Amino acid sequence: MNDHRLPLAVFDLDGTLADGSHRQRFLERRPRDWDAFFAAAPADPPFAEGVALALRHARESEVGCLTGRPERCRADTVAWLAAHGLPEGRLRTRADRDRRPARLTELELLKKPARTRGVRALVDDDLLVCEAAERAGFTVVRAQWAASSPAMKDAQERRGRT
């Protein structure tokens, strides 16, 4: 639902709605295979907890997604969201060449709609993103249903890739 009168409920994708654990192996190699990592994203199974929470929020909010995935992954990501019955809402991605840590890019992506609309909650699995959003005054729901590997944490915070 795209009703700009409703507040936003913003969901992170990887580790919150999508289980990308099957593709973390591409980040454990040297050199990392980013193309294969993102190419495998359409096969991510959904996290039932994240999908159920998004559907609950959709009753009173516009549900949108933000992700550290690069813009070039937009078509696959939109198709994945639709295939798993998630509400159609805005999708915010990082620029293809943006390599800043997730806590910076995702907070910036969250602040843009907050300038003109209320943000009811951010749902995210990344501890550093959650802490940054809380410091900025956002209500945060920590998605604790996914286990993150050291390779994924490195990709989010040091490599600025997801």
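Residues numbered from 1 in each chain as written. Predicted model: local features only at pLDDT ≥ 70, side-chain atom pairs only at ≥ 80, totals over all residues. Heavy atoms only, no water.

Draft legend 1. Highlighting helix H2 (residues 48-57). Regarding H2, the residues found buried are Gly-50, Val-51, Leu-53, Ala-54 and His-57. Seen end-on, H2 carries its buried residues on one side only, within an arc spanning 165°. Residues of H2 that are buried in the fold lie against strand S1 (8-12), strand S2 (62-70), strand S4 (119-124) and strand S5 (140-142). (Buried < 20%, exposed > 50% of the residue type's maximum accessible area, 1.4 Å probe, protein only. Helix = DSSP H or I, 4+ residues; strand = E, 2+ residues; numbered from the N terminus. Arc of directions from axis to C-beta. Contact = heavy atoms within 4.5 Å.)

Draft legend 2. Molecular detail of the packing of aromatic side chains. Using the criterion set out here, one finds 3 aromatic pairs in the structure. Taking the centre distance of 6.2 Å and the plane angle of 25° together, the rings of Trp-34 and Phe-38 count as stacked. In this pair, Trp-34 and Phe-38 are both assigned in helix H1 (residues 34-39), 4 residues apart and thus about one turn of the helix distant. Side by side, Trp-34 and Phe-38 carry an identical accessibility label, which is buried. Judged by centre distance (5.0 Å) and plane angle (75°), the ring pair of Phe-37 and Phe-38 falls under edge-to-face. Assigned by exposure class, Phe-37 and Phe-38 land together as buried. Here the aromatic cluster, defined as three or more aromatic residues joined through ring pairs, consists of Trp-34, Phe-37 and Phe-38. Here Arg-23 stacks its cationic end above the ring of Phe-37, 4.4 Å away from the centre of that ring. (Phe/Tyr/Trp six-rings, centres within 6.5 Å; stacked < 30°, edge-to-face > 60°. Lys NZ or Arg CZ within 6 Å of the ring centre and 35° of its normal.)

Draft legend 3. Fine view of the pattern of salt bridges. Overall, the coordinates contain 13 salt bridges when judged by the stated rule. Where Asp-44 meets Arg-69, a salt bridge forms, and the shortest distance between an N and an O atom there is 3.3 Å. Residue Asp-44 is located in the loop between H1 and H2, and its partner Arg-69 is located in strand S2; the two are separated by 25 residues in the primary sequence. Note on accessibility: Asp-44 and Arg-69 belong to one class, buried. Salt-bridge contacts for Asp-98 lead to Arg-94; the nearest nitrogen and oxygen are separated by 3.8 Å. In this pair, the class of Asp-98 matches that of Arg-94, namely buried. (Salt bridge = Lys/Arg side-chain N within 4 Å of Asp/Glu carboxyl O.)

Draft legend 4. Local environment of the environment of Phe-11. Turning to its location among the elements, Phe-11 is positioned in strand S1. Separated by 114 residues in sequence, Phe-11 and Asp-125 have C-alpha atoms that sit 9.5 Å apart. Excluding residues that lie within four positions of it along the chain, Phe-11 makes contacts with Thr-16, Leu-17, Gly-50, Leu-53, Ala-54, His-57, Val-63, Gly-64, Cys-65, Leu-66 and Val-123.

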